[in-house]
Amino acid sequence: MDKPLCPVHSTILYLSDQLDSGKLKDPKSRRISEHILRLIEEISNGHADKEHLHAIDELIEEYHHDKEAADSVGLEIGKHLREVLTKDHETFQSHLETGNCASMDCIRLAPSPCQMACPAGIDIPTYLSLIGEGKDAEAIEVIRHDNPLPWVCGLVCTRPCELMCVRARIDTPVSIKFLKAFAAEKAMSLGQYKNPPQEPLNGKKVCVIGAGPAGLSASYYLALMGYQVRIIESLPVPGGMLMVGIPRYRLPREVIDREVAMIESLGVEICYNTRFGKDVTLDSLRKEGFEAFFIAIGAHKSYTLGIEGEDTYKGKGVIDSVEFLRRVALGDRRVPGRRVVIIGGGNVAIDAARTSLRLGAESVTIAYRRTRSEMPADIEEIEHAEEEGVEFSFLTIPTAVDGDGKKTTGLKCLRAELIRKEDSDRLYPVPVEGSDYIMEADAIISAIGQFVDVEGLEAFTGIKWTRRGTIEVKHTCMETSEDGVFAAGDAVTGPATVIEAIGGGKRAAEAIDRYFNKMPQPRIPKVPVRYRREKSIEMPASTKMALKRPEMPMLNIERRRIMFQQAELGYTENMVREEARRCLRCDICRRCGKCIDVCRDKMGIGALKFGYMDFDHPVETDFRKTSETCITCGACAANCPNEAIVIEEKNGERILKLCGTILNRQKLLYCESCNAVLGPAKYLDYVKDKTVGVAKVLDQKRTLCGACLRKKGAF
Ligand SMILES: Cc1cc2nc3c(=O)[nH]c(=O)nc-3n(C[C@H](O)[C@H](O)[C@H](O)COP(=O)(O)OP(=O)(O)OC[C@H]3O[C@@H](n4cnc5c(N)ncnc54)[C@H](O)[C@@H]3O)c2cc1C
């Protein structure tokens, strides 16, 4: 077995070894060790509270109980434990606070892969389970522990969680993203989308620069903790790139408005049309009593193409995508050109293309220097663009902007071929000599990336910048190198995602609170919190297998080409409830495969065909197959370290369930004489076969229990 990474788990192994070795002779030291072992096991099992560490501390002192009597082994153990608890205090504390063990060594606290993949650490299995039961408002409450914008994220998140979803090993990942949007919309429309209780104002003021997702997230958590928060925002609208980047056909403005209003209702003040460093200064804000600053200004400057003619035709047909999308978002509905060419291959390029189409462009072409499969844009976004009529020109390298002196007329390009450089797996586009041609265009939109606009931040003399022009922070707490100044979102990561900005904003809020309370900042990354251990939803194996990820209903294509109406229409309620039930509950079953091993190797039955968790035997997973061979002996359940697979007897049946999925149910037989439960027939046959010649379990004609058989034999 590999050495455990988790200090909690390795301390359990260490103490068990010490106790088993027999070296620890002194009875009092043994009792102390046993007591500490029990307490640490409780931490590892999720049955501990904050008093546990205190109690362990006190017990360690007791190894010194009686200087003469104290044995050296006990003192050694005490010394070792003291060292571990000092060095790894944060990890022990984190087990207590989060209910998760990041290294998965503490099996009962092994977190689900989706939760670990989420940059905001949302407790996904719990909220899916609640949505499955129709408890949308409760689901939103769980999500908002880590993400104050569930509705927004339900529509635009890049869903790293779905990439890690274990259900994909059976068929397709659970549609986690959209379930969140449904629950938020439903809870909002029923008036059940509520803010949690807020701490009373503590008299401390925090200034947040930027009302994008990072700034909003930090403001929400700070306001809940009792801080007075003011957001300085240069635009006339909140949301940052949510509002002025992501087009409204993907994210309706009302969704942002409603979730921002929830944050404002906590007392967060947003000063619009106010640019930090111009309209307000660090000095003026300090004079007003702001003691901590959170920089969340995003990355709003676009890289230029660096090709001939770009500067000449800037504003005369050449525009960058961020500026173009911002103008449209703020009300400019003019079509950028009749024939639009967009340069780039990411989501921003796709957004600019689909927006141009909706504004009335006759032709829209995305020019990308690699091929479709190398495009960084989300595949669904590419497909939607294709459906709407966006064209793609792959292996295209722009070389110059062509024009008639007054405006753009085309884009000069070269064909590219992809070559693999030595020591690299990536394919690089290289121009093919003599392949030059012109793409006709009266608008050229560049979408090749953004960087941070540092103008106005000069007053923060203590912050350090990375070589990429982003703000340097300690990622565990988003603290910059200037005292009392924190930063997160795109300003730190470079252009990234909404959920990363939200996660960073929350970490910063917690760090700002520690800053005010003069508490040390964490050294290890925060482990996501498991808020509940929701009961699994029960259903037959056939249902679990039959449920399929629903197709997203879309607005008809004609409207999509001409209107900014939301393109994805959303699932129906029935689709949502069923989709939530496809979740395999990886927060409970950590897929250790013990059940499979026991059934196959120890019992010789092999009824559990779960290829999704058994990489050595990658058979197709089919929960329905279990009942064909399973004898409901219960060996799997008895060996499951996390009670994920359970066996129970109810209403005359023995039932085997894996996280609620009913794998098998068999009728119980009873002793015909005393009515004691004997077990299902298949199980009794198995026992009979195994005990031939050892014991006679059943009467040849009558079904009797062991005791009645013995009684009968005595007559
Ligand atoms: C077109 C486009 C589409 C995208 N699509 C997606 C998507 O589908 N899914 C996804 O997850 N991510 C997407 N992203 C990325 C995502 O929007 C960003 O990663 C996210 O918004 C970053 O959040 P932030 O809070 O760090 O910054 P921003 O959202 O950029 O917000 C920064 C705010 O700070 C303000 N500001 C800047 N400087 C100052 C100053 N000096 N004074 C006052 N205010 C200032 C800005 O006006 C802005 O409101 C997209 C980005 C773009 C451009």
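Residues numbered from 1 in each chain as written. Predicted model: local features only at pLDDT ≥ 70, side-chain atom pairs only at ≥ 80, totals over all residues.

Below, the discussion takes up the site of the ligand. Around the ligand, the structure places 40 residues, and the nearest of them are Gly210, Gly212, Gly240, Gly298 and Gly489. When contributions to the shell around the ligand are tallied by element, the ones reaching two or more residues are helix H12 (213-224), helix H13 (241-244), helix H16 (321-329), helix H17 (347-359), helix H19 (490-493) and helix H20 (498-516). (Near = placed C-beta within 6 Å. Helix = DSSP H or I, 4+ residues; strand = E, 2+ residues; numbered from the N terminus.)

Now for the nonpolar core. Among the nonpolar cores identified, the biggest contains 162 residues, and Val152, Phe294, Ile295, Ala296, Ile342 and Ala487 are the most heavily contacted of them. Those residues in contact with Ala487 that lie beyond four places of it in its chain are Phe294, Ile295, Ala296, Ile471, Val473, Met478, Thr480 and Val492. Counting residues in each nonpolar core, the second largest holds 20 residues, with Ile40, Tyr63, Leu81 and Leu109 among its members. (Core = buried A, V, L, I, M, F, W, Y, C linked by C-beta atoms within 7 Å. Buried ≥ 20, exposed ≤ 12 C-beta atoms within 10 Å, placed from the backbone. Contact = placed C-beta atoms within 7 Å.)

Strands sit in the order S6-S14-S7-S8-S9 across an open sheet of five strands; the sheet is parallel. At either margin of the open sheet sits one strand with a lone partner, and together these are strand S6 (318-320) and strand S9 (391-393). Taken pair by pair, the neighbouring strands of this sheet meet at an average axis angle of 25°, ignoring direction. Where strand S7 (residues 339-343) lies against strand S14 (residues 443-446), four bridges are found, and the strand directions are parallel. Bridging across to S14, Val341 finds its partner in Ile444. Contacting S7, strand S8 (363-367) and S14, H17 runs over the sheet at an angle of about 170° to S8. (Pairing = 2+ DSSP bridges. Axes fitted to C-alpha atoms, helices over the stretch in contact; angles between N-to-C directions.)

Our focus in this paragraph is the sheet that holds strand S4 (residues 290-295). Backbone-to-backbone hydrogen bonds pair the strands of a sheet. The strands run either parallel or antiparallel. Strand order in the open sheet formed by five strands is S3-S2-S1-S4-S16, and the pairing between neighbours is parallel. Each edge of the open sheet carries a strand with a single partner, namely strand S3 (269-271) and strand S16 (485-487). Along the sheet, successive strands turn relative to each other by an average axial angle of 20°, direction set aside. Across the sheet, H12 lies against strand S1 (205-209), strand S2 (228-232) and S4, angled at about 165° from S2, the strand it touches most.

This next bit is on the packing of helix H8 (residues 136-143) against helix H11 (residues 176-189). Two elements in contact, H8 and H11, have axes whose closest approach is 8 Å; the angle formed by their N-to-C orientations is 115°. For H8 against H11, the interelement crossing comes out left-handed. Seen from H8, the contacting residues are Asp136, Ala137, Ala139, Ile140 and Ile143; seen from H11, they are Lys180, Ala183, Ala184, Lys186 and Ala187. Residues that form the contact of H8 with H11 fall into these classes: seven nonpolar, no polar and three charged. (Left-handed = near helix turned anticlockwise from the far one by under 90°. Nonpolar A, V, L, I, M, F, W, Y, C, P; charged D, E, K, R; others polar.)

Within a regular strand, the side chains alternate between the two sheet faces. In terms of burial, S8 is largely enclosed, as four of its five residues are buried. Sheet analysis places S7 next to S8, joined by five bridges and oriented parallel. What sits directly across from Val340, in S8, is Val364. Crossover handedness for the path S7 to H17 to S8: right-handed. Summarising the sheet, S8 and S9 pair through three bridges and their orientation is parallel. (Right-handed = clockwise from strand over helix to strand, strands pointing away.)

The next point concerns the pairing of S14. Here S14 shows no split at all, with Ala443 and Ile445 on one side and Ile444 and Ser446 on the other all buried. Pairing between S6 and S14: three bridges, direction parallel. When the sheet's bridge partners are listed, Asp320 is paired in S14 with Ser446.

This part is about the packing of helix H2 (residues 27-45) against helix H3 (residues 51-61). H3 packs onto H2 with a crossing angle of 160° between their chain directions and a minimal axis gap of 10 Å. Considering the angle they form, H2 stands roughly antiparallel to H3. Crossing of H2 against H3: the hand is left-handed. Taking contact as the criterion, the partners of Ile32, His35, Ile36, Leu39, Glu42 and Ile43 in H2 are, on H3, His52, Ala55, Ile56 and Leu59. (Parallel < 35°, antiparallel > 145°, perpendicular 65-115°, else oblique.)

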